[in-house]
Amino acid sequence: LSFDSTAVAVTDSWTSLSTYSGLSSGGTAVTVQGAGFNPASAYECEFSVAGTVLTATAAFSSSAAVSCVAPAWAPADGNALFRLKVGGSGYVHSNQPSGVFFRFVRAPTWNASTAPE
């Protein structure tokens, strides 16, 4: 009986995001920076906020980056725990022991009574 440890080795990890906030209407480009990303792997950005998990497909950019577009968060403001999923079931290791948060914020609104002069 033999065991090939390379078949289950996790080599990818991430260290930071290009941005840690975006509009709650969605559409913010988020680049996940790290090392060991594989073009054959399926990555997904996961935003967990107020008991809801929002996901976005992440595209392979290079062995040091994958990118996704943050989804919309209808209730407006909120801090979402960010995780990078790989292969549909596991998570890519982060060097952030306490977790990384992405902040969804409302777009500013203006009206005649509050607009600057």
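## Things to note about the pairing of strand β7 (residues 78-86)
Side-chain positions along a regular strand alternate between the two faces of the sheet. Here strand β4 (residues 43-49) pairs with β7 via six bridges, running antiparallel. Looking across to β7, one finds that Cys 45 is bridged to Leu 84. Two strands pair when backbone bridges link them, and β7 and strand β10 (residues 100-105) are joined in this way by five bridges, in the antiparallel orientation. Directly across from Ala 80, in β10, lies its bridge partner Phe 102. With two bridges joining them, β7 and strand β8 (residues 90-91) adopt antiparallel strand pairing. Counted as the bridge partner of Lys 85 is Tyr 91 from β8. A loop of three residues connects β7 with β8, the two strands running antiparallel in sequence, and Gly 87 in this loop sits at a positive phi of about 70°.

## Overview of the environment of Val 100
By the secondary structure assignment, Val 100 is in strand β10. Residue classification places Val 100 among the buried positions, given a relative accessible area of 6%. Leaving out residues up to four positions away in the same chain, Val 100 has contacts with Trp 14, Leu 17, Tyr 20, Ala 80, Leu 81, Phe 82 and Ser 94.

## As for the nonpolar core
In terms of nonpolar packing, the biggest core is built from 23 residues, with Trp 14, Val 32, Phe 47 and Leu 84 touching the most fellow members. Counting only elements with at least two residues in this core, the list comes to β1 (13-17), β3 (29-35), β4, β5 (52-62), β6 (65-69), β7 and β10. Sorting elements by how many residues they give to this core places β4 first, with four residues. Setting aside residues no more than four positions away along its own chain, Leu 84 makes contact with Trp 14, Val 32, Phe 37, Tyr 43, Glu 44, Cys 45, Ala 58, Val 66, Gly 90, Tyr 91 and Val 92.

## Focus on the packing of aromatic side chains
Enumeration according to the criterion identifies six aromatic pairs in this entry. Relative to Phe 82, the ring of Phe 47 has its centre 5.3 Å away and its plane inclined at 75°; by these criteria the two rings are edge-to-face. Remark: Phe 82 occurs in strand β7 and Phe 47 occurs in strand β4; sequence separation between them is 35 residues. Residue Phe 47 shares its accessibility class with Phe 82, and that shared class is buried.

Cut-offs applied
- Residues numbered from 1 in each chain as written.
- Predicted model: local features only at pLDDT ≥ 70, side-chain atom pairs only at ≥ 80, totals over all residues.
- Heavy atoms only, no water.
- Pairing = 2+ DSSP bridges.
- Helix = DSSP H or I, 4+ residues; strand = E, 2+ residues; numbered from the N terminus.
- Buried < 20%, exposed > 50% of the residue type's maximum accessible area, 1.4 Å probe, protein only.
- Contact = heavy atoms within 4.5 Å.
- Core = buried A, V, L, I, M, F, W, Y, C linked by side-chain atoms within 4.5 Å.
- Phe/Tyr/Trp six-rings, centres within 6.5 Å; stacked < 30°, edge-to-face > 60°.

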